[in-house]
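Geometric and topological summary
Chain residues, written in single-letter form:
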Amino acid sequence: EVKKSASPAKNGGADDRFWKLSVDAKTGIGYAKVRFLPAPKNEDLPWARVFSHGFQGPAGSWFIENCPTSLENRPCPVCKENNKLWNSGIESDKDVVRQRKRKLTFISNVLVVEDSAHPENNGKVFLFKYGKKIHDKITELLEPQFPDQAPANPFDFWEGCDFKLKAQKVAGYQNYDKSEFMEPSELFEGDDDAKETLWDQQYSLVAFTQDDQFKSYDELSTRLTRALTGDADDRPETAGERIEREAALPVPTPAPTMRSTPEKSLKNKTAAKPVDADEEDINQFFASVLDD
């Protein structure tokens, strides 16, 4: 039985609500099977979209913060500075921008179907953080480019698809290009009560894009100055501290859940639309920046 809720680890540890694919330390190969789940109760989208910045300043201090451009009409001092550097036309300035540009992350609820490295995770609900390339695979499934491909909603309980997450090292980086969706299948075939129970166990996603998850413009400006100048109040982070900060996400306030929902309402909640690719294009800020 999947636990209904989980408390994030305390004292700076990893957030145990999140599942992460385990990969072989030598080969970089990793494999697991998950099922993307629909939007949580009282929410509209099956994913949260968050931009962030993570880079080390010249003096060794780190800047790792959520980017306020994740929210509509919210300016970001890092993006503003990047815009000026990019438009300088100096190649070295553009290299700095590439280092400091915002990174796009999506967060969804998933059911872990098969995790051979950690079988204790099988059958449990977790939050899963993933990048644009995996999200592009979701978008392609929702709205195929070619007429011989039938569209499918991977977040649907009845007509969704299991996802084979395959990791490998390519040019020294973790690559997920070989990941793929399986054929559509019903989750817990014929058992809508089991679907309802699973829906109750999902975590809030809108909480990750609430105001309290983002520092103010002035706070971010101060943090940026410290990272760039090596202010004494912002000592360089150790490697361990950096890893923890990059892995950890702010702890959101859980959204309220309904005790029971008619089947029709449940199925309607599984509908999803892809994000406009133009909206996701990082170049909307300043001409063209290298792709992830």
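As the structure is a computational prediction, the values presented were derived from the model and not from experiment. (Residues numbered from 1 in each chain as written. Predicted model: local features only at pLDDT ≥ 70, side-chain atom pairs only at ≥ 80, totals over all residues. Heavy atoms only, no water.)

Here Glu196 is to be found in helix H4 (residues 192-200). A C-alpha to C-alpha distance of 9.8 Å links Glu196 and Phe157, two positions 39 residues apart in sequence. (Helix = DSSP H or I, 4+ residues; strand = E, 2+ residues; numbered from the N terminus.)

As a further point, take the nonpolar core. Core analysis: the largest hydrophobic core is formed by 34 residues, its most contacted members being Trp19, Phe36, Phe128 and Tyr130. Those elements that place two or more of their residues in this core are strand E2 (30-36), strand E3 (48-56), helix H1 (77-86), strand E5 (103-114), strand E6 (125-130), helix H3 (132-142), strand E7 (162-170) and helix H5 (217-229). Residues within four places of Phe36 in sequence aside, it is in contact with Ser108, Asn109, Val110, Phe128, Tyr130, Ile134, Ile138, Pro154, Phe155, Phe163 and Phe181. The next biggest cluster of nonpolar side chains, apart from the first, holds 16 residues, and it includes Phe18, Leu37, Val125 and Leu127. (Core = buried A, V, L, I, M, F, W, Y, C linked by side-chain atoms within 4.5 Å. Buried < 20%, exposed > 50% of the residue type's maximum accessible area, 1.4 Å probe, protein only. Contact = heavy atoms within 4.5 Å.)

Another point: the pattern of salt bridges. Across all of its chains, the model carries 15 salt bridges by this definition. The salt bridge involving Asp211 is made with Arg74; its shortest N-O contact spans 3.3 Å. Of this pair, Asp211 sits in the loop between H4 and H5 while Arg74 sits in the loop between strand E4 (62-66) and H1; the two residues are 137 residues apart in sequence, bridging distant segments of the chain. Note on Asp211: relative accessible area 54%, which makes it exposed. On the basis of relative accessibility, which here comes to 26%, the residue Arg74 falls in the partly exposed class. For Lys166, the salt bridge is made with Glu180, and the minimal N-O distance between the two is 3.0 Å. With Lys166 in strand E7 and Glu180 in strand E9 (residues 180-181), the pair connects residues that are 14 residues apart, well separated along the chain. Residue class for Lys166 comes out partly exposed when judged on its relative accessible area of 26%. Among the charged side chains, a network of salt bridges with common partners joins Lys41, Glu196 and Asp200. (Salt bridge = Lys/Arg side-chain N within 4 Å of Asp/Glu carboxyl O.)

Burial within E3 is extensive, with seven of its nine residues counted as buried. Where E3 meets E5, five bridges bridge the pair, whose relative direction is antiparallel. Directly across from Arg49, in E5, lies its bridge partner Phe106. Strand direction decides the pairing type here: E3 and E4, joined by five bridges, are antiparallel. Bridge pairing links His53 to Glu65 in E4. (Pairing = 2+ DSSP bridges.)

Purely geometric numbers; function is a separate question.
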